[in-house]
Amino acid sequence: MTTTSKQPLMDITPRPALPMVRGEGSRLWDSEGTEYLDFVQGWAVNCLGHCPGVIREALARQAALQISPSPAFHNAPQLALAAALVGRSVFDQVFFCNSGAEANEGAIKLARKWGKLRRGGAFEVITTLGAFHGRTLATMAASGKPGWDDIFPPRMEGFRKVPFGDAAAAAAAVTDRTAAIMVEPIQGEAGVVVPPVGYLAELRAVCDRAGILLIADEVQTGVGRTGTLFAYQQAGIAPDIMTLGKGLGGGVPLAALLAREAVCCFEHGDQGGTYNGNPLMTAVGLAVLETIAEPAFLEGVRTRGARLAAGLERLKLRHGAREVRGSGLLLALDLGREVAPEVVRRCRDRGLLVNGPRPHLLRLMPALNVSDADIDRMLAVLDSVLAELATG
Ligand SMILES: *Cc1c(COP(=O)(O)O)cnc(C)c1O
């Protein structure tokens, strides 16, 4: 047998050559011992930072007890986490899975099943341009990422795209075939795009009038990221279905599909998965949720978010950037010119990790318990990099 590629790993994205070998709180170290201040945190995944005590303890405790009884049996952490999520949200039932894409895939299935049973076979889901819902075939079709429509033909049917932030466009797209509207409260991957005030409430009204479901994809915005436990709470509305991922596991693969009782229409055999509700992961989820749902913790997220946003505003003025936007600790600095990749590179050279989801945009998603000192340090590094770029 011969191998033609140099690397045993499929090359799916550019990465620095050195692997990261250790993490603690807001710090990461690579294999040469270089230290980084991490304002990416696995794309808003490590909500309590790297290797927090509560996660290490939950993993160790559960690993000594039981790792995988099989999804054919109940397990205690899964039941406890489901109860904790239901008790803190407007939803009545939960299905656990392993990734945000899988949770959204489940949401689409649930909406289609509901449409089949309750709305004369309606199956279409209205989604938004710029949306990111995951990388399975269905969630790629649901996403509104430019260029994603024709990568893996044939594209899955059943989605209609409307502009994000435009409730009237969503209303106009509803037909007898529509089962649901699916939307991120803030578009994350698209560049922390915040919709006009009242957008979610208007979508709720559109769904109520049409008798269809509202699905909130809170994979990125949920679990404290935007300063409340869930972002929909800031809109004062109740979605019919919500998906969680990323922060829910605090770094381990855990995601969830939540729905109100009237929508929970899966029958035996409709939904499942080998690792769904795995106790090792759900024990971690419970430890994370109990930490983050504390009112004082969420208050701290809002305070730290305000500090970071104020600092970014100062950098915006000083360096002629365009806009600071976001909520809580999901923030973005629109640089106004396409220098984000260069900024990301120079920050990394100075030991700061930031994310540039668009050529003109930086996204900041630090640990929700990031210290004031680390926020200030991050701002100082970014300040010097922007100053350096301005002078060439
Ligand atoms: C990251 C993300 C997903 C996909 O989650 P995976 O765990 O990567 O499958 C879906 N929706 C939103 C809003 C996301 O940010």
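The rules we used
- Residues numbered from 1 in each chain as written.
- Predicted model: local features only at pLDDT ≥ 70, side-chain atom pairs only at ≥ 80, totals over all residues.
- Heavy atoms only, no water.
- Axes fitted to C-alpha atoms, helices over the stretch in contact; angles between N-to-C directions.
- Helix = DSSP H or I, 4+ residues; strand = E, 2+ residues; numbered from the N terminus.
- Left-handed = near helix turned anticlockwise from the far one by under 90°.
- Contact = heavy atoms within 4.5 Å.
- Nonpolar A, V, L, I, M, F, W, Y, C, P; charged D, E, K, R; others polar.
- Buried < 20%, exposed > 50% of the residue type's maximum accessible area, 1.4 Å probe, protein only.
- Core = buried A, V, L, I, M, F, W, Y, C linked by side-chain atoms within 4.5 Å.
- Domains from an automatic or database assignment.
- Salt bridge = Lys/Arg side-chain N within 4 Å of Asp/Glu carboxyl O.
- Polar contact = N/O pair within 3.5 Å; in protein donor to acceptor, adjacent residues only side chain to side chain.

A. Seen up close, the packing of helix 2 (residues 53–65) against helix 8 (residues 279–292). Helix 8 packs onto helix 2 with a crossing angle of 145° between their chain directions and a minimal axis gap of 9 Å. Pair helix 2 / helix 8 crosses with right-handed handedness. Counted together, Val 54, Ile 55, Ala 58, Leu 59, Gln 62 and Ala 63 of helix 2 and Pro 279, Leu 280, Ala 283, Val 284, Ala 287, Val 288 and Thr 291 of helix 8 form the full contact between these two elements. The class makeup of the residues in the contact of helix 2 with helix 8 is 11 nonpolar, two polar and no charged.

B. Inspection of unusual backbone geometry at higher detail. Backbone torsion omega between Pro 153 and Pro 154 reads -5°, so that peptide bond is classified as cis. Located in the positive-phi region is Gln 41, a residue other than glycine, with phi close to 50°. The residue Gln 41 is located in helix 1 (residues 41–44) in this model. Overall, Gln 41 belongs to the buried group, its relative accessible area being 0%.

C. Seen up close, the nonpolar core. With 80 residues, the main nonpolar core has Phe 39, Ile 292, Leu 308, Val 343, Met 378 and Leu 382 as its most contacted residues. Taken domain by domain, the makeup of this core includes at least three residues from each of domain 1 (20–45 + 295–391) and domain 2 (53–292). Beyond its immediate stretch of four places on either side in the chain, Phe 39 contacts Leu 308, Leu 352, Leu 353, Val 354, Arg 363, Leu 364, Met 365, Pro 366, Val 370, Asp 374, Ile 375 and Met 378. Ranked by size, the runner-up nonpolar core spans 22 residues in total, among them Phe 95, Cys 97, Ile 108 and Ala 111.

D. Region of interest: the domain arrangement of the protein. For the protein, the domain assignment lists domain 1 (20–45 + 295–391) and domain 2 (53–292). Between the C-alpha centres of domain 1 and domain 2 there is a distance of 27 Å. Taken together, the contact between domain 1 and domain 2 spans 22 residues of the former and 24 residues of the latter. Counting the contacts that link domain 1 with domain 2 gives one salt bridge. In this structure, Arg 363 engages Glu 189 in a salt bridge whose closest nitrogen and oxygen atoms are separated by 3.2 Å. At the surface where domain 1 touches domain 2, the tally comes to nine residue pairs in polar contact (both at pLDDT 80 or more). Secondary structure elements with two or more residues in the side of domain 1 that touches domain 2: helix 1, helix 9 (295–319), strand 11 (323–327), strand 12 (330–334), strand 14 (355–358) and strand 15 (361–364). With four residues, helix 9 is the largest single contributor of residues to the side of domain 1 that touches domain 2.

E. Fine view of the side chain of Asn 75. Looking at the secondary structure, you find Asn 75 in the loop between helix 2 and helix 3 (76–87). Among the polar contacts listed, one links the side chain of Asn 75 to the backbone nitrogen of Gln 78, at a separation of 2.9 Å. One polar contact links the side chain of Asn 75 to the main-chain carbonyl oxygen of Gly 277, over a distance of 2.9 Å. With near-sequence residues (within four places) excluded, Asn 75 lies in contact with Gln 66, Pro 69, Gly 277, Asn 278, Pro 279 and Thr 282.

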